[in-house]
Amino acid sequence: MDNVKKKLKKMLSSQTYAHSLSTCETVLDLAGRFGVSEKKVELAALLHDCAKSMSYDELVYNIEKYKIPVDKLELRTVSLLHAPVGSKLASVLFGIADHQILSAIRYHTTAVPAMSAIAKIVYVADFIELARGHKGVVDARKAAEKNIDKAMLFILKRKIPYLVKKEVLIHPRSVKALNWFLKKEKRND
Ligand SMILES: [Fe+2]
Ligand SMILES: [Fe+2]
């Protein structure tokens, strides 16, 4: 893990590196609570933003170099692009072959229906890690104490209207994820 951290540190701004370490601490806490492999979730959290400090041109360069599949909306939304590129770099630069880890990194920005426990934990931890101070973080932390699906729903229900307000394009995958978690909650009622 120390080698991964050393390499990662060189790729990231100090702020994003600190956020990655903090996300890592939060996932370890959640992994214990929800009985998930600590090693896998730790690697996914550590590497989830490994492409975050790249410029748009660097991201596009990597997409072309590695033929990373992205859709048109992702291609025009810089804040989404570090997820597919990060997933690929986790594989190429860090030797990660585990599908659940790569998928957790791939979908940590938009979410996706039927996520693995690892992907949900990374998505939630990205939002609630201790350095985060945005609106709703306290309630999201409370939701995550009990039920990871409820925490997912809570965050998606906040993030989507927030993006609407900012007039940022919403990825249809996020809407699908929201619907998926809503349906799941209704089934469990
Ligand atoms: Fe990210
Ligand atoms: Fe992040």
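Everything that follows concerns the structure shown earlier in this document.
Residues numbered from 1 in each chain as written. Chains lettered and ligands numbered in written order. Predicted model: local features only at pLDDT ≥ 70, side-chain atom pairs only at ≥ 80, totals over all residues. Heavy atoms only, no water.

Engineer: Explain the coordination of the iron ion (ligand 1) to me, and be specific about the residues and the numbers.
Structural biologist: For the iron ion (ligand 1), the full set of protein donor atoms is Asp 49 (OD), His 82 (NE2) and His 108 (NE2), at a range of 2.0 to 2.1 Å. Binding-site remark: the iron ion (ligand 1) is held by donors from one chain whose sequence spacing is D-x32-H-x25-H. The distance between the iron ion (ligand 1) and the iron ion (ligand 2) comes to 3.6 Å, and Asp 49 binds to both of them. A residue pair is termed long-range when its members are at least 10 positions apart, and Asp 49 in the loop between α3 (38–47) and α4 (56–65) and His 108 in the loop between α7 (99–106) and α8 (117–128) qualify at 59 residues. Given a relative accessible area of 3%, Asp 49 falls into the buried group. (Donors = N, O, S within 2.8 Å, 3.2 Å for Na, K, Ca; no water. Helix = DSSP H or I, 4+ residues; strand = E, 2+ residues; numbered from the N terminus. Buried < 20%, exposed > 50% of the residue type's maximum accessible area, 1.4 Å probe, protein only.)

Engineer: Go over the coordination of the iron ion (ligand 2), please, and point to the residues and values.
Structural biologist: Protein coordination of the iron ion (ligand 2) is provided by His 19 (NE2), His 48 (NE2), Asp 49 (OD) and Asp 126 (OD), with donor distances spanning 2.2 Å. Seen from the iron ion (ligand 2), its four donor atoms lie at angles of 79 to 173°, and the figure they make is irregular. Classification of His 19 as buried rests on a relative accessible area of 10%. (Tetrahedral: all angles 85-135°; square planar, octahedral: opposite > 155°, others 65-115°.)

Engineer: How would you sum up the packing of helix α1 (residues 2–11) against helix α2 (residues 14–34)? Please name residues and give values.
Structural biologist: The N-to-C vectors of α1 and α2 enclose an angle of 145°; their axes lie 8 Å apart at closest approach. For the crossing formed where α1 meets α2, the hand is right-handed. Residues Lys 5, Leu 8 and Lys 9 of α1 touch α2, and the partners they reach there are Tyr 17, Ser 20 and Leu 21. Looking at the contact of α1 with α2 residue by residue, the classes come out as three nonpolar, one polar and two charged. (Axes fitted to C-alpha atoms, helices over the stretch in contact; angles between N-to-C directions. Left-handed = near helix turned anticlockwise from the far one by under 90°. Contact = heavy atoms within 4.5 Å. Nonpolar A, V, L, I, M, F, W, Y, C, P; charged D, E, K, R; others polar.)

Engineer: A description of the pattern of salt bridges should follow, citing residues and the corresponding values.
Structural biologist: Here the structure, examined in full by the defined rule, presents eight salt bridges. One salt bridge in this structure joins Arg 106 and Glu 74, with 3.1 Å as the shortest N-O distance. Of this pair, Arg 106 sits in helix α7 while Glu 74 sits in helix α5 (residues 72–75), and the two are 32 residues apart along the sequence. We classify Arg 106 as buried; its relative accessible area is 13%. Look at Glu 74 and you get buried, because its relative accessible area is 1%. Here Asp 149 ties to Lys 184 by a salt bridge, and the two come within 2.5 Å at their closest N and O atoms. With Asp 149 in helix α10 (residues 148–165) and Lys 184 in helix α11 (residues 172–188), this pair connects stretches of sequence that are 35 residues apart. (Salt bridge = Lys/Arg side-chain N within 4 Å of Asp/Glu carboxyl O.)

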